[in-house]
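Reading the structure
The lines below spell out each chain.
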Amino acid sequence: MGSSKDNKWSDTAMLVIDMQKEFVDPAMNSLTFLAGGEVILPAVTQAVKLARERGIFVVWVVREHDPAGRDVELFRRRFYSGGKGPAMKGCKGAELADGLAIKEEDYKLVKTRFSSFFATNLDYVLKTSGIKNLVVVGVQTPNCVRQTVFDAVALDYEKVTVIVDATAAANPEIHLANIRDMKNIGVETPTLEGWSGSV
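Sequence order as written defines the numbering, with residues in each chain counted from 1. Under the rules for a predicted model, residues below a pLDDT of 70 receive no local features and side-chain atom pairs below 80 are neither given nor counted, while totals for whole chains, interfaces and linings still include all residues. The basis for every side-chain value is the complete set of non-hydrogen atoms in the structure, without hydrogens or water.

All right, on to helix 4 (residues 141–154) then. We call a residue buried when its accessible area falls under 20% of the maximum for its residue type, exposed when it is over 50%, and partly exposed in between, using a 1.4 Å probe and counting protein chains only. Numbering of helices and strands starts at the N terminus; helices are DSSP runs of H or I of at least 4 residues and strands are runs of E of at least 2. Listed as buried for helix 4 are Thr141, Cys144, Val145, Thr148, Val149 and Ala152. Summarising the contacts, the buried residues of helix 4 are in contact with strand 1 (12–17), strand 2 (57–63), strand 3 (107–111), strand 4 (133–139), strand 5 (159–168) and helix 5 (172–183). Just downstream of helix 4, Asp156 is the residue with a positive phi angle, here 65°. Contact criterion: two residues are considered in contact whenever any of their non-hydrogen atoms come within 4.5 Å of each other.

Here we come to the pairing of strand 4. Counting buried residues along strand 4, seven of its seven residues qualify, which places the element largely inside the surrounding structure. Residues of strand 4 alternate between two faces, with Asn133, Val135, Val137 and Val139 on one and Leu134, Val136 and Gly138 on the opposite face, all of them buried. Two strands form a pair only when DSSP identifies at least two bridges running between them. Pairing geometry for strand 1 and strand 4, over six bridges, is parallel. Paired with Ile17 across the two strands is Gly138, which belongs to strand 4. Pairing geometry for strand 4 and strand 5, over six bridges, is parallel. In the sheet register, Gly138 faces strand 5, and the bridge partner there is Thr167. Between the parallel elements strand 4 and strand 5, the chain passes through helix 4 in a crossover that is right-handed. Whether a crossover is right-handed comes down to one check: with the strands pointing away from the viewer, does the path from the first strand over the helix to the second run clockwise; if it does, it is right-handed.

What follows deals with the environment of Val48. Inspection of the secondary structure puts Val48 in helix 2 (residues 35–54). Note: C-alpha distance between Val48 and Arg180 (132 residues apart in sequence) is 24 Å.

Another aspect to go through is the packing of helix 4 against helix 5. Convention adopted: a line fitted to C-alpha atoms gives each axis, helices being fitted over their contacting stretch, and angles between N-to-C directions are expressed from 0 to 180 degrees. At a minimum axis distance of 10 Å, the contact between helix 4 and helix 5 shows a crossing angle of 10°. As judged from the angle between their axes, helix 4 and helix 5 are roughly parallel. Across from Thr141, Pro142, Val145, Arg146, Val149 and Phe150 in helix 4, the residues of helix 5 making contact are Ile174, His175, Asn178, Ile179, Asp181 and Met182. Under the convention adopted here, Pro, Cys and the residues Ala, Val, Leu, Ile, Met, Phe, Trp and Tyr are nonpolar, Asp, Glu, Lys and Arg are charged, and Gly plus all remaining residues are polar. For the contact of helix 4 with helix 5, the residue count by class is seven nonpolar, three polar and two charged. Oblique is the label for any angle not covered by the other classes, which are roughly parallel (under 35 degrees), roughly antiparallel (over 145) and roughly perpendicular (65 to 115).

Interpretation in functional terms is not warranted from these geometric data alone.
Shown next as C-alpha cells:
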C-alpha cells in the first residue's frame, strides 16, 4: 500500500464520518445541518489529501437511509414520511460534501447508527486489511465520532487518533468536552497541523 516511505502508515486507516451534504451544506436547509461541519470541511479535505499521500486506507462512513425510515433509530423515524427524510439513499443530501470524493482505492461503508462499527462489517474490513491504527475526522463529535472511537478502543485498535480541528459538534463546548472524554480513554487528539507534522 504505497512506497517504502509510506510503510509507517500501511497499518493505519482514516475514517471520514458523515461528511455529507445533509449534515454540512447549509444550502440543503436540513434539520440535521451542523454549522461546525461546514466550518471543518477544508480541514477534512486537507486531512484526506494527506492521508492519501501517506498511503493511508481511507474509509468513507456515510448514512444512507430507507425512504420509509425503517432502518433509522426509533427517535428519528418521525422525520421520515412520504418518501422524505434526512440522508435517504440516492438523494442529494446523502452525497458527500462538495470537494470530497471516493476514489477507487477507498472504501465506502454505510451505517445506520451512531457507531461505524455497529451492525456493519467495518471491523472485519479493517482487520483483514492489516489495520491496527485509526485516524478519525468528520461529524459529529458527541454522536458518531464518539461512539465510533469508543468502539474502536473496545475492539483493541492499538492507536486511535481524533483530529481536533477536523471534527465538530453543535458548539465548541460540546466538542471540547467530548474530545476530553476521548483523550481520557487514551485517544490521541492532535490538531491537523500537529498530525501533519508527524512523520
